[in-house]
Amino acid sequence: MADLRVALMTGTGQGIGKGCAIEMAKAGYKVSLMSPSTRSKELAKELGGIGHQGSVLDTADLQAMVDATLKEYGRIDAVVSNMGHGGSVPEAIKTVGFDPDFDGPLLELPDELWHESLDMYVLNVVKLARIVTPIMIEQGGGSFVNISSMNTVEPRAPYPMSMLRGALHSFAKLFGDRYARHNINMNNLMPGFCENVNLSDLARRSIPAQRPATFAEIGQACVFLASEGARYINGQNILSDGGMNRAVR
C-alpha cells in the first residue's frame, strides 16, 4: 500500500481524457474514472481501475466518485479534470490563426451556454478541490491537473468558450498560493490540436511540429504534472501545442 498511487479523473470517456487515463495507468496509477456515458466504466475495467457514470456539473456525482475511490483505495494522489462540450469537427480547420472569413456566432451565444461553460470549465474544478483538498492535506500532499486549452491564452474565434478557462487559470494560481504549503499543487495543461481534429494542409503546416498531438503525448505531459517531479511547479499554465501559439510569456 505504501507504493499505491491513485488518480481520480473526469471526462475520460474519449479523446484527450481517455488518453490521459491510459497513460496514468501505464505510469502505475490506480485510476478512478468518470464520464456522462458508460465509456469510462468500460475503460476503467480495461485498465484495472474503477469507473463511474456521472456529471461534473453535479456535486453529488463528484462526491460519490470521491467516496467510492476512498473506499476502494484509501487515498487520492492526483486529480485530473478534463472538461469540454465534446462534439466533432465536420470539415477541415482552414487555419490555426486569425481567419478573416470566419463569421461564427459570438453575440448570438445564449446566456445559458455561457453559464453552463463556466460550470463545466471552472466550477467543477472548484467543487472537486473542495472535496479532495482536505484528503490530500491529511495524507501529506497531492496534485491537481486541469486539462485546459491553448485557446485560453491566444483566443481564437471558433472557440469562444475557451475565454472562460482564463478564470480557471486564475483559480489555479490562487489555489497554488494557498495550498503549496501543504505539498499540494494545481496546474493547467493546455493542449493544441490533437489527432481527432481534421486539419487542412495549410493549418497543419502552420504548426511548427507539422502535425497534431497524439492523445498519448498529452497523457504523458499529464503524468509528469501529476508526479512528484513536478510538485514545485504550481499555479502554472503549460502549453503542449507543437509550438503553435506564438507569444513568448
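Below or above, wherever it landed, is the structure these notes cover. These numbers come from a predicted model, not from an experiment. Residue positions are given per chain, counting from 1 as you read along its sequence in written order. Totals for whole chains, interfaces and linings use every residue, but because this is a predicted model, local features are given only for residues with pLDDT of at least 70 and side-chain atom pairs only at 80 or more, for both listing and counting. Each side-chain value is derived from all of the structure's non-hydrogen atoms; neither hydrogens nor water enter the calculation.

1. Observations concerning the packing of aromatic side chains
Inference 1: In this analysis, rings of Phe, Tyr and Trp, with Trp reduced to its six-membered ring, are considered paired at centre separations within 6.5 Å, and the interplanar angle assigns stacked below 30 degrees, edge-to-face beyond 60, and tilted for intermediate values. Inspection of every chain in the model, using the stated rule, returns four aromatic pairs.
Inference 2: When the centroid spacing of 4.8 Å and the interplanar angle of 35° are considered together, the rings of phenylalanine 175 and tyrosine 179 count as tilted. Of this pair, phenylalanine 175 and tyrosine 179 are both found in helix α5 (residues 165-179), four residues apart, which corresponds to roughly one turn of the helix.
Inference 3: Note on classification: 1.4 Å probe, protein chains only; a residue is buried when its accessible area is under 20% of the maximum for its type, exposed when over 50%, partly exposed between these limits. Its relative accessible area of 4% is what places phenylalanine 175 among the buried residues.
Inference 4: In this structure tyrosine 179 comes out as partly exposed when scored by relative accessible area, which is 22%.
Inference 5: Above the face of the tyrosine 121 ring, arginine 165 is positioned so that its terminal group lies 3.9 Å from the ring centre.
Inference 6: Think of it as a cone above the ring: NZ of Lys or CZ of Arg counts as a charge over the ring if it is within 6 Å of the ring centre and within 35 degrees of the ring normal. A cation sits over an aromatic face here: arginine 178 above tyrosine 179, 4.7 Å from the ring centre. For the purposes of this entry, the term helix denotes a DSSP run of H or I that reaches at least four residues, the term strand denotes a run of E that reaches at least two, and both are numbered from the N terminus.

2. A word on the packing of helix α3 (residues 59-73) against helix α4 (residues 111-139)
Axes are the key here: two packed helices are described by the angle between their axes and the distance separating the axes.
Inference 1: Orientation is described by lines fitted to C-alpha atoms, with helices fitted over the stretch in contact, and by angles between N-to-C directions that extend from 0 to 180 degrees. Following both chains from N to C, one finds α3 and α4 inclined at 30°, their axes separated by 10 Å at the closest point. The orientation of α3 relative to α4 falls into the category roughly parallel. For the pair α3 and α4, the crossing hand works out as right-handed. Residues Thr59, Leu62, Gln63, Val66 and Leu70 of α3 touch α4, and the partners they reach there are Asn124, Lys127, Leu128, Ile131, Val132 and Ile135.
Inference 2: Residue polarity follows a fixed list, in which Ala, Val, Leu, Ile, Met, Phe, Trp, Tyr, Cys and Pro are nonpolar, Asp, Glu, Lys and Arg are charged, and the others, Gly among them, are polar. Per-class residue counts for the contact of α3 with α4 are seven nonpolar, three polar and one charged. With respect to orientation, any angle under 35 degrees is reported as roughly parallel, any angle over 145 as roughly antiparallel, any angle of 65 to 115 as roughly perpendicular, and every other angle as oblique. Crossing handedness: left-handed means the near helix sits turned counterclockwise from the far one by under a right angle, and right-handed means the same turn made clockwise. Contacts were defined at the residue level, with two residues in contact if any of their heavy atoms lie within 4.5 Å.

That is the geometry; function is a separate question.
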